[in-house]
Amino acid sequence: MTVTHTVDGAGKTVHSAFRLAVDRRFVALVCATAIPVTLQSLMTSSRTIVDALFVSHLGTDEIAAIGYSTRVVFIVIMAMLGTANGGAVIVAQFWGSGSVQKARQATTLTVAIAGVIALVVCTLCFVWARQIMTVGTENSRVISLGTQYIRTVIPMIIPFAVISVLAASLRSLGQAKTAMNLALIGLFLHVALAYGLVFGNWGMPELRLAGAAWATVISTYAECLLFIVYLYARHHPMAFRIQDLRDGIGSGILQKIWRVGLPVSLSSMSWAIGIFFYSVIVGRAGTQELAVLSMINPIEDTAVAFANGVATAAAVLIGNSIGKGADEERTWRMTKALLIWNLAVAAVCCLLLLLTSFWVGKIYGDIDGETIGVARDTAVVLAFVFMFRMTCMTLQNGILRAGGDTVYILRADLTCQWLVAIPLTFMAALIWDLPFPLVFVAINSEEIVKAVISGCRVYRRKWVQRLVETVPVS
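Residues numbered from 1 in each chain as written. Predicted model: local features only at pLDDT ≥ 70, side-chain atom pairs only at ≥ 80, totals over all residues. Heavy atoms only, no water.

(A) Just the packing of helix 16 (residues 406-431) against helix 17 (residues 436-443), in detail. With their axes 8 Å apart at the nearest point, helix 16 and helix 17 run at an angle of 165 degrees to one another. One element, helix 16, and the other, helix 17, form an angle in the roughly antiparallel class. Here the hand of the crossing between helix 16 and helix 17 comes out right-handed. Seen from helix 16, the contacting residues are Ala421, Leu424, Thr425, Ala428 and Ala429; seen from helix 17, they are Val439, Ala442 and Ile443. Looking at the contact of helix 16 with helix 17 residue by residue, the class counts come to seven nonpolar, one polar and no charged. (Axes fitted to C-alpha atoms, helices over the stretch in contact; angles between N-to-C directions. Helix = DSSP H or I, 4+ residues; strand = E, 2+ residues; numbered from the N terminus. Parallel < 35°, antiparallel > 145°, perpendicular 65-115°, else oblique. Left-handed = near helix turned anticlockwise from the far one by under 90°. Contact = heavy atoms within 4.5 Å. Nonpolar A, V, L, I, M, F, W, Y, C, P; charged D, E, K, R; others polar.)

Given below as structure tokens:
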């Protein structure tokens with residue numbers, strides 16, 4: 001009788017979660033965040049795709065150089081996004097609790113932290129650009145091209161830090177569409193500049209690989225300026241002032257951001273460093289393998305944009321729910337409904353990735369046939385491992401992060417990547433000399449392991465941490 005009751009209860013719980021997942025109001029809430037975030041992520045990844053497509057016409061060395069160089073920049077970007085998303089957890093809970101002023105103070109402090117980190121890292125990358133390139137390849141031309149690219153593009157990280165924090169805060173307020181519209185303007189400017197500066201069109205100088213870097217820098221500064229003008233022209237609640245910085249430090253918000261944001265930032269940065277090490281290992285395996293990884297990265301980034309949309313929607317909805325003081329059962333029901341959404345979107349993405357594998361040759365028409373063949377097989381592998389990748393993002397970047405369980409995320413990222421995936425990738429690429437598609441499986445082994453252990457973590461329901469107090473309604 002007890003077993004029957006348990007099974008019936010579980011069935012009712014699943015049915016209840018499914019009903020919430022298809023409820024019109026819930027669907028509207030998910031889409032209000034997921035769609036703009038997905039589109040914004042697509043626009044961000046589109047910059048990489050555009051650069052890869054344009055640079056692929058210059059040759060294999062050029063695409064290998066930009067592929068490796070962007071992995072370096074990616075580490076810094078992930079540190080910025082980690083800081084922004086960590087601060088956004090606090091902003092979402094303050095906003096859900098009704099404290100607009102403290103939400104603005106949290107945004108202010110996060111901008112300051114991200115800005116300092118960006119300035120330091122920008123300086124280090126500029127000074128050590130050549131040494132960074134020599135770690136991943138012995139090809140002197142690739143080293144020279146990559147060094148030039150890194151030194152030209154790295155100043156973009158300063159405005160990107162500001163954009164990341166402001167966009168994350170707007171999403172926490174349920175205003176993801178604004179960040180999407182501004183990102184769209186930045187994308188159009190980037191494409192136009194890249195087309196002109198890479199090839200010397202429209203009377204612009206022909207800068208080749210450096211042209212792609214300059215297009216990124218100029219468009220990112222322009223997008224940042226648009227963000228600032230928008231906030232202050234509209235007298236937006238997140239239009240902060242120096243006083244908000246002082247008040248935020250005095251009221252203890254800095255400690256909250258430090259407690260949640262630091263593990264998120266370290267987790268994002270350590271994960272990105274791991275991605276860099278994958279590029280180093282692959283680069284040591286050969287220029288063709290590095291070129292294939294560079295060709296697959298934009299395709300993968302496009303799919304990740306959809307995963308990021310669902311994960312961010314989960315973070316915002318659950319963060320607001322916790323901030324409002326919703327009971328545990330309601331939060332748990334919402335969690336399961338969001339996981340249903342995750343599985344549905346992941347299945348569609350996997351199918352589209354499988355279809356994309358047939359178009360790799362047309363996307364990169366100027367690359368030799370052998371490299372195209374390896375890239376096509378790797379795209380098929382990507383289609384099959386992406387279900388784990390997306391599920392992991394929703395579990396960690398969405399659900400667990402919104403609950404403030406960021407120390408666990410840091411531990412999971414460090415363990416799965418540095419003790420599982422990186423050693424396995426090293427063995428597969430440099431010891432066993434396996435074909436690159438199998439090396440790509442090794443690279444993604446961390447996502448498979450994290451999806452399993454994070455799923456168990458969520459199921460135990462011990463991850464919800466309320467970090468703010470409810471503001472009473474007067």
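(B) Just a nonpolar patch on the surface, in detail. Taken together, Leu424, Phe426, Leu430, Ile431, Trp432, Leu434, Leu438 and Val441 make up a surface patch of nonpolar side chains, about 670 Å² in accessible area. Secondary-structure elements contributing two or more residues to the nonpolar patch are helix 16 and helix 17. Sort the elements by how many residues they give to the nonpolar patch and helix 16 lands first, with four residues. Looking at the element boundaries, Leu438 is found in helix 17. (Patch = residues over 30% accessible without salt bridge, like charges linked within 9 Å, V, L, I, M, F, W, Y side chains within 5 Å. Areas by Shrake-Rupley, 256 points an atom, 1.4 Å probe, with all protein chains shown as cover. Salt bridge = Lys/Arg side-chain N within 4 Å of Asp/Glu carboxyl O.)

(C) Structural detail: unusual backbone geometry. A positive phi angle, close to 50 degrees, is found at His235, a residue other than glycine. Using a relative accessible area of 67% as the deciding quantity, one classes His235 as exposed. The backbone of Asp433 sits at a positive phi, close to 55 degrees, despite the residue not being glycine. Inspection of the secondary structure assignment puts Asp433 in the loop between helix 16 and helix 17. (Buried < 20%, exposed > 50% of the residue type's maximum accessible area, 1.4 Å probe, protein only.)

(D) Broad picture of the pattern of salt bridges. For the coordinates displayed, the defined rule picks out eight salt bridges. Measuring nitrogen to oxygen at the nearest pair gives 3.7 Å for the salt bridge that ties Arg389 to Glu447. With a gap of 58 residues between them, Arg389 in helix 15 (residues 369-402) and Glu447 in helix 18 (residues 445-460) connect regions that are remote in the sequence. Salt-bridge contacts for Glu446 lead to Lys450; the nearest nitrogen and oxygen are separated by 3.4 Å. Note that Glu446 and Lys450 are positioned in helix 18 at a spacing of four residues, about one turn of the helix.

(E) Structural detail: the packing of aromatic side chains. Taken as a whole, this structure holds seven aromatic pairs when the rule is applied. Relative to Phe199, the ring of Phe54 lies with its centre 5.5 Å away and its plane at 75 degrees, an arrangement referred to as edge-to-face. Taken together, the residues span a long stretch of sequence, with Phe54 in helix 2 (residues 24-56) and Phe199 in helix 8 (residues 176-199) at a distance of 145 residues. With relative accessibility at 16%, the residue Phe54 sits in the buried group. Measuring from ring centre to ring centre gives 6.5 Å for Tyr232 and Phe240, while their planes differ by 75 degrees; the resulting arrangement is edge-to-face. (Phe/Tyr/Trp six-rings, centres within 6.5 Å; stacked < 30°, edge-to-face > 60°.)

(F) The packing of helix 13 (residues 328-356) against helix 15, seen in detail. Direction vectors running N to C along helix 13 and helix 15 enclose 160 degrees, while the axes themselves pass 9 Å from each other. Judged by the inter-axis angle, helix 13 sits roughly antiparallel to helix 15. You can see that helix 13 and helix 15 cross each other, and the crossing is right-handed. Taking contact as the criterion, the partners of Thr335, Leu339, Asn342, Leu343, Val345, Ala346, Ala347, Cys349, Cys350, Leu353 and Leu354 in helix 13 are, on helix 15, Ala379, Val380, Leu382, Ala383, Phe384, Phe386, Met387, Met390, Thr391, Thr394, Leu395 and Ile399. For the contact of helix 13 with helix 15, a count of residues per class yields 19 nonpolar, four polar and no charged.

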